[in-house]
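For reference, the chains in residue letters:
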Amino acid sequence: WEGDTGLKLPSDYHGFMLRYDGGRPYPLMFRHIALEAQGFENPSEHYLDPLYRWDRVVSWSQELGSRLPPRCLSIGADSGLLEIVLSLRDEDHGAVYSWVRNWGVWGGEDNSYLCPQAPSFHAFIQSLYEDEDRNGYDFWHRPRREQLKRKLDI
């Protein structure tokens, strides 16, 4: 993929994908800060669900096309309309953002905002948290997935 596109994945994300090929990390909560003009509660709490498998990263990023900023990949989502976006741009290579999925072309009036999450994929994973009420655990845990659990090591 890197040879075909001329883009380079950040080493932390590349290593994660080689080892896990996506998944549902726990803890999984993160905060998104909307633009004030959008009139949403700030910050809002979201559940990371899931980090996409590599084939989905490629196909979904292609399908989103000009809706995503150039040289960015959609690597995951929440359970609603937020995408987790990884920058492959020179100025912020490896930075992770949340983005409200919409139909506008990137840079247009309705589609020009990425919410900063972390300067790197590793920092994003480290920033995920659980709240006092264990809402993230209640969202994430399913008894049938018990045998699929692995310790996250990135």
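Chains are numbered independently. Their residues run from 1 in the order of the written sequence. Predicted model: local features are reported for residues with pLDDT of at least 70 only, side-chain atom pairs are reported and counted for 80 or more only, and whole-chain, interface and lining totals are derived from all residues. Heavy atoms throughout the structure, all of them, feed into the side-chain values; hydrogens and water do not.

## Quick word on the overall build of the chain
Here comes step 1: Secondary structure elements follow DSSP: runs of H or I no shorter than four residues count as helices, runs of E no shorter than two count as strands, and numbering proceeds from the N terminus. Broken down by element type, the chain carries five helices and six strands.
Here comes step 2: Counting from the amino terminus, the chain carries its helices and strands in the arrangement α-α-β-β-α-β-β-β-β-α-α.
Here comes step 3: When we talk radius of gyration, it's over C-alpha atoms, and the globule rule is simply 2.2 Å times the number of residues to the 0.38. Relative to its length of 154 residues, the chain is compact, with a C-alpha radius of gyration of 15 Å against a globular reference of 15 Å.
Here comes step 4: Each principal axis of the C-alpha distribution contributes one length, and for the chain these read about 40 × 40 × 25 Å.
Here comes step 5: Relative accessibility decides the category of a residue: with a 1.4 Å probe and only protein chains considered, values under 20% of the type maximum give buried, values over 50% give exposed, and everything between is partly exposed. Taken across its 154 residues, the chain has 42% of its residues classed as buried.
Here comes step 6: Taking the intrachain contacts of the chain between residues at least 6 apart in sequence as the baseline, contacts between residues at least 24 apart amount to 56%. In this description, contact between two residues means that some pair of their heavy atoms is separated by no more than 4.5 Å.

## What to know about the pattern of salt bridges
Here comes step 1: Here a salt bridge means any side-chain nitrogen of Lys or Arg lying within 4 Å of a carboxyl oxygen belonging to Asp or Glu. All chains considered together, the criterion is met by eight salt bridges.
Here comes step 2: The partner of Arg 53 in a salt bridge is Asp 21, with the nearest N and O atoms 3.4 Å apart. With a gap of 32 residues between them, Arg 53 in the loop between strand 2 (44–47) and helix 3 (54–64) and Asp 21 in the loop between helix 2 (11–20) and strand 1 (29–32) connect regions that are remote in the sequence.
Here comes step 3: Of the residues examined, Asp 21 reaches a relative accessible area of 25% and is grouped as partly exposed.
Here comes step 4: Two residues, Asp 49 and Arg 24, come together in a salt bridge whose shortest N-O distance is 2.6 Å. Of this pair, Asp 49 sits in the loop between strand 2 and helix 3 while Arg 24 sits in the loop between helix 2 and strand 1; the two residues are 25 residues apart in sequence, bridging distant segments of the chain.
Here comes step 5: Residues joined in a network through salt bridges with shared partners are Asp 21, Arg 53 and Asp 55.

## Section: the side chain of Asp 92
Here comes step 1: Turning to its location among the elements, Asp 92 is positioned in the loop between strand 4 (82–87) and strand 5 (96–100).
Here comes step 2: On the basis of relative accessibility, which here comes to 14%, the residue Asp 92 falls in the buried class.
Here comes step 3: Whenever a nitrogen or oxygen atom comes within 3.5 Å of another N or O atom, the pair is scored as a polar contact, on the condition that within protein one atom can donate a hydrogen and the other can accept it, and that pairs from neighbouring residues in sequence are kept only if both atoms are in side chains. In terms of polar contacts, Asp 92 uses its side chain to reach the side chain of Ser 87, at 2.4 Å.
Here comes step 4: For Asp 92, the residues in contact, after removing those within four places along its chain, are Ser 87 and Tyr 97.

## Examining helix 2
Here comes step 1: All of the buried residues along helix 2 are Tyr 13, Phe 16, Met 17 and Tyr 20. End-on, the buried residues of helix 2 take up no more than an arc of 95°, which puts them together on one face. Every exposed residue of helix 2 that faces more than 90 degrees away from the buried side is listed here: Ser 11 and Leu 18.
Here comes step 2: Tucked inside the fold, the buried residues of helix 2 contact helix 3, strand 3 (72–77), strand 4 and helix 4 (121–127).
Here comes step 3: In the stretch just after helix 2, Asp 21 is the one whose phi turns positive, near 50°. What the arc describes is the spread of directions from the helix axis to the C-beta atoms.

## As for the nonpolar core
Here comes step 1: Only buried residues count toward a nonpolar core. Its members are Ala, Val, Leu, Ile, Met, Phe, Trp, Tyr and Cys residues joined through side-chain atoms within 4.5 Å. In this structure, Tyr 13, Leu 48, Ile 75, Phe 121 and Phe 124 are the most contacted members of the largest nonpolar core, which totals 35 residues.
Here comes step 2: Those elements that place two or more of their residues in this core are helix 2, helix 3, strand 3, strand 4, strand 5 and helix 4.
Here comes step 3: Excluding anything up to four places from it in sequence, Phe 121 contacts Asp 12, Tyr 13, Phe 16, Leu 51, Ile 75, Gly 94, Val 96 and Ile 154.

## Points about the confidence of the model for the chain
Here comes step 1: Per-chain confidence: the chain averages 92 in pLDDT, with 97% of residues scoring 70 or above.
Here comes step 2: When mean pLDDT is compared element by element in the chain, strand 3 scores highest at 98, while helix 5 (residues 135–140) scores lowest at 90. Here pLDDT means the predictor's own confidence in every residue, given as a number from 0 to 100.

## Describing the state of the cysteines
Here comes step 1: The criterion for a disulfide is a pair of cysteine sulfur atoms lying within 2.5 Å. According to the stated counting rule, one finds zero disulfides in the structure shown.
Here comes step 2: Cys 72 supplies the cysteine sulfur nearest to Cys 115, a cysteine that is in no disulfide, at a spacing of 14 Å.

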